[in-house]
Amino acid sequence: MDQIGRYHVLRRLGQGGMGEVFLAEDPKLERRVALKLLHRDPARAGLHEEAKALAALRHPGIVTIFEIGDHDGQDFIAMEYLPGKTLRQHLTDGTLARTERIAIVAKVVAAVAAAHRAGILHRDLKPENVVVGDDWEVKVVDFGIARRLDTRRPSRAITARELADTIEAAADAHDTVVTAATGSIFGTPAYMAPEVLHGEPSTPASDVYSLGVVVHECLAGKRPYSATTLVELIAQLVEGPPPRLSDPLGPLVERMLARDPAARPSLDEVRRGLLGSLERPARRARWPYAVGALALAAAAGIAFVLWQRPASPAVAAAPDVAASIAVAPIEISIAGYGNEPAHAERSADVLARLLAEVDGARLTGIALPPGEPHTGAESVGAAYVVSGTIGERDRQLVGTFAVEQLAPRRTLATVTVTQPELAHVLDDAAQAIAQTLAPSARLDRTPDRVRAQAFYQLGKPLVGAGNFRGARPYLEQAVAADPSFGEAWYSLALVLAWMDAPEPRIVDAAARAETLAPPGPRRVLMHGVSLFLAGKFRDARLALEPLERDHAAVDRRELEYFLGEANWHDGRYAQGYAYFRRVLELDHDFRPASIHAGQYAIVHGEIESARYLVGLAGTDPPDSIALADGKYADVARRGAAPYRGLAKLVLGEPLSDADIDQTYGNAYDRAVYQLAAALERGDVADAKARFAAIWHDQTAVAPSASTLAALEGLAEVVITGDLADESRQLVQFVREHANLQPRRGGQRFALLAAGMLGDRALLVSDHLTERLQRLADAMTAEVDGDRERAVTILQELVADPSMTWDYPERAALLRNQRALHRTADAAATCAEAMHPKVVRVALLPLRRLCKPR
């Protein structure tokens, strides 16, 4: 066979679940594809239509279908060619570490969950249908027996004997498709859910069961049931559940294998459980520390991490100073930390690891999850438990820690340490806590690249997963352990930026990374990133663009990602979006690139792209896309919080107290909503009073980057709502504290206020992005009375909106159109504004402006 359709057949790859598979060349697009020739089988009627449904499903973990065709009466599917090995092959040759097996299955779970959201079941999940590419990209294949979700029940239940007789008679024992009197049974028996084996239709819970078998096999090296025939399998299923799995994930697997489908966890819960086990891995062999083993109470579900240092001669001489210490999550309140709080559990994990690092004692640190610390400590067999808080006083961080003995229960000591940095607080705390048990205990403070690398290796994967709060304590500890560790400074700079930390910290970390980078392309890249993190977006673009000519010199994904970021934050959204899409073509799993790309697709109403990109990012739920698609009524009736309340805002429906609480999750957000609602009613006096109350609460404490972040939403409302005095007050406050967060909206809101108030003094011109320069041109034109020019520029800006959907800019456009008596244009502006792609509370004052006068 040399030709199938337009494809040139190169060689046979083997027998797939639903037919033969060939490697072929697509001459039109100059790429290799896998061609599957589908068997002719009446039981598989409708596969052609199902393949079309699958072809519309885009997810990085699902094999891409390029074409469904017919060649000489033979149905075929052209799909992505995946050089690599199946999970079955990896399990057979035993080359994968436990964490690698779990990481693979977690990606499979994410892919199957995406299929379920699209209404598609797999129905034949097994290691043979998971391909791990040569580049370690994971794909789920062979949705060939997938069907749209169908909850219809059969007319009667098939008996175990009937089922066994029918399946045993099937020709293909590995890929079973059996037609019985009650309907069709699809799948591989060893991985099929009990209800499916008994003739009931497949459901999403059936796929969860199959995945439970796969996870069990990955962890135990065997399937949960030892049956070799269908009769044995059904007999074992009837007898009861399989033996419990001796693994921290055992309880989760047990629930996945529940006989009752309703008792099985959701795929989201399964994925969280799998990823959670990766976030707290046991110490791996590559670390220069031995693993201590502790009994774990499965019912308590306590996760822990050990970091035990080999005993030194000094420790060997003091065998009486050996203990396990459990560390409860640390309560941390640091206003200057950034827009997001310090991670309590990760900080406790750092402290637990440092306890094992002290000389003069043999200590094992165990980080506890949230919960009652004494119960948790007892569950993991610890002798002592530490709980503590870290706060601020006189520009210093103060940590207070209680050290308690469990048997008999008593408080041994309360230690207090003071340092300017969180990492050094934890260093001092580890030494002080250790000294309550061994007065000679010391933590070596000399630069230690081994310790720094250990913490870096904990933090870096969390950066890639977008868990910036979790990564930050480890990375801060890495640079504290070795201040000359350039790559750790680089990752920390990125984390600080993503967490909206005070900008001086971001700039300092980036500058250190650049200085420590080796000369050449890597240093050039870091220079461009440093400029980007300092808010010099145009300079960053100019620094990075020359590297595009030499992709081999740097990581192309990293380069194009930061080119995308530099363009995006310079207000060149379309150019940034193009870079992000190119990054995702190189690596579907490069999550940071999918975040802004998904935002672009949402605000531009590119719904199919938005679904795909949001799925990659794992950020926004389907309701956010439904809002962008204008399905406000559906979301208002059936959506989840907070989107249900946002949809009601668009529809002009009143929000109940419950709606308000679910839509605006804290007191500040609720107060801003009430202010916006007052503006919509036209009750200016009430709006001003509410502003005064919010302002008092926000400025009663020392200003911080978090304060400026919170004021963004407030500024958007008062400027859109034409509150002149309040707008001026906000702009002046931000200007006074610009050193905390120079890029935090201050320039944008100053320009918008200048146009609204006609105040030339508020116009700014320094360090403007390309987009803000256009806004400055528009507002200058308005102040100068050139409203024609202002309208032209503002129309260009709102045609390419940012992730906020630019409500104040739309209010400015409306103001200028009305001043020019462009009634029809103003009506069109309002018509679009009342059907937003992104719903924010500034919609309410904008709606008031759009009411007929």
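Residues numbered from 1 in each chain as written. Predicted model: local features only at pLDDT ≥ 70, side-chain atom pairs only at ≥ 80, totals over all residues. Heavy atoms only, no water.

Considering the overall build of the protein chain
Our working rule: Where helices and strands are cited, they refer to DSSP runs of H or I of at least four residues and of E of at least two residues respectively, numbered from the N terminus. Exposure is judged per residue with a 1.4 Å probe applied to protein chains only, and the accessible area is read against the type maximum: over 50% gives exposed, under 20% gives buried, and values in between give partly exposed. The accessible surface values rely on the Shrake-Rupley method and a 1.4 Å probe; as for residues, cover is taken only from the protein chains in view.
For the protein chain, the count of helices and strands is 37 helices and 19 strands. When each of the 853 residues of the protein chain is scored for burial, the buried share is 55%. Accessible surface, the protein chain as shown: approximately 36000 Å² in total, 52% of it carbon and sulfur.

Things to note about the packing of helix H21 (residues 573–586) against helix H22 (residues 591–603)
Rules: Orientation is described by axes fitted as lines to C-alpha atoms, over the contacting stretch for helices, and by angles from 0 to 180 degrees between their N-to-C directions. Geometric relationships in this document are graded by angle, where less than 35 degrees denotes roughly parallel, more than 145 denotes roughly antiparallel, 65 to 115 denotes roughly perpendicular, and other angles denote oblique. Note on convention: near helix rotated counterclockwise from far helix by under a right angle means a left-handed crossing. Clockwise means right-handed. Every residue pair with non-hydrogen atoms within 4.5 Å of one another is taken to be in contact. When residue character is reported, Ala, Val, Leu, Ile, Met, Phe, Trp, Tyr, Cys and Pro are called nonpolar, Asp, Glu, Lys and Arg charged, and the others, Gly included, polar.
Two numbers describe how H21 lies on H22: the axes approach to 9 Å, and their chain directions differ by 130 degrees. Classified by the angle between their axes, H21 and H22 sit oblique to one another. The hand of the H21/H22 crossing is left-handed. Counting all contacts with H21, which are made through Tyr573, Ala574, Tyr577, Phe580, Val583 and Leu584, the residues of H22 involved are Ala593, Ser594, His596, Ala597 and Tyr600. Looking at the contact of H21 with H22 residue by residue, the class counts come to 9 nonpolar, 2 polar and no charged.

Re the nonpolar core
Most often, soluble globular proteins have nonpolar side chains that are buried together. Rule in force here: Throughout, nonpolar core names a set of buried Ala, Val, Leu, Ile, Met, Phe, Trp, Tyr and Cys residues whose side chains join them through atoms within 4.5 Å.
Formed by 181 residues in total, the largest nonpolar core has its most connected members in Leu351, Ile390, Phe401, Leu422, Ile433, Tyr673 and Leu714. With sequence-adjacent residues up to four places away left out, leucine 351 is seen in contact with Val327, Ile330, Phe401, Leu426, Ala429, Ala430 and Ile433. Grouped together as the second largest cluster of nonpolar side chains are 43 residues, Val109, Val140, Leu197 and Tyr225 included.

Quick word on the confidence of the model for the protein chain
Quick reminder of the rule: Per-residue confidence from the predictor is reported as pLDDT, which spans 0 to 100.
With 83% of its residues at a pLDDT of 70 or more, the protein chain shows a mean pLDDT of 82. Within the model, the stretch residues 150–186 combines pLDDT values under 50 with 71 contacts to residues more than four positions away or in other chains. Considering only residues more than four positions removed or in separate chains, one finds that residues 279–320, a stretch of pLDDT under 50, has 89 contacts.

Let's talk about the sheet that holds strand S10 (residues 138–140)
Consider a sheet: its strands pair through backbone hydrogen bonds, and that pairing is either parallel or antiparallel. Quick reminder of the rule: If DSSP finds at least two bridges between two strands, the strands pair.
What the 3 strands build is an open sheet, ordered S7-S9-S10; its pairing is antiparallel. For this open sheet the edge positions go to strand S7 (84–86) and S10, each flanked by a neighbour on one side alone. Taken over all neighbouring pairs, the strand axes of this sheet differ in orientation by 25 degrees on average, direction set aside. Pairing analysis gives 3 bridges linking strand S9 (residues 130–133) to S10, with the strands arranged antiparallel. Along S10, the bridge assignment pairs valine 131 with lysine 139. Sitting on the sheet, helix H3 (residues 98–117) touches S9 and S10, and the angle it makes with S10 is about 45 degrees.

Comments concerning the side chain of asparagine 129
To keep it simple, the criterion reads: Counting of polar contacts relies on pairs of N or O atoms within 3.5 Å, with two restrictions inside protein: one atom must be capable of donating a hydrogen and the other of accepting it, and residues adjacent in sequence are counted only when both atoms are side-chain atoms.
Summarising the element assignment, asparagine 129 is placed in the loop between strand S8 (120–121) and S9. Judged by its relative accessible area of 4%, asparagine 129 falls in the buried class. At a separation of 2.8 Å, a polar atom in the side chain of asparagine 129 contacts the main-chain carbonyl oxygen of aspartate 124. With sequence-adjacent residues up to four places away left out, asparagine 129 is seen in contact with His122, Asp124, Lys139, Val140, Val141 and Asp142.

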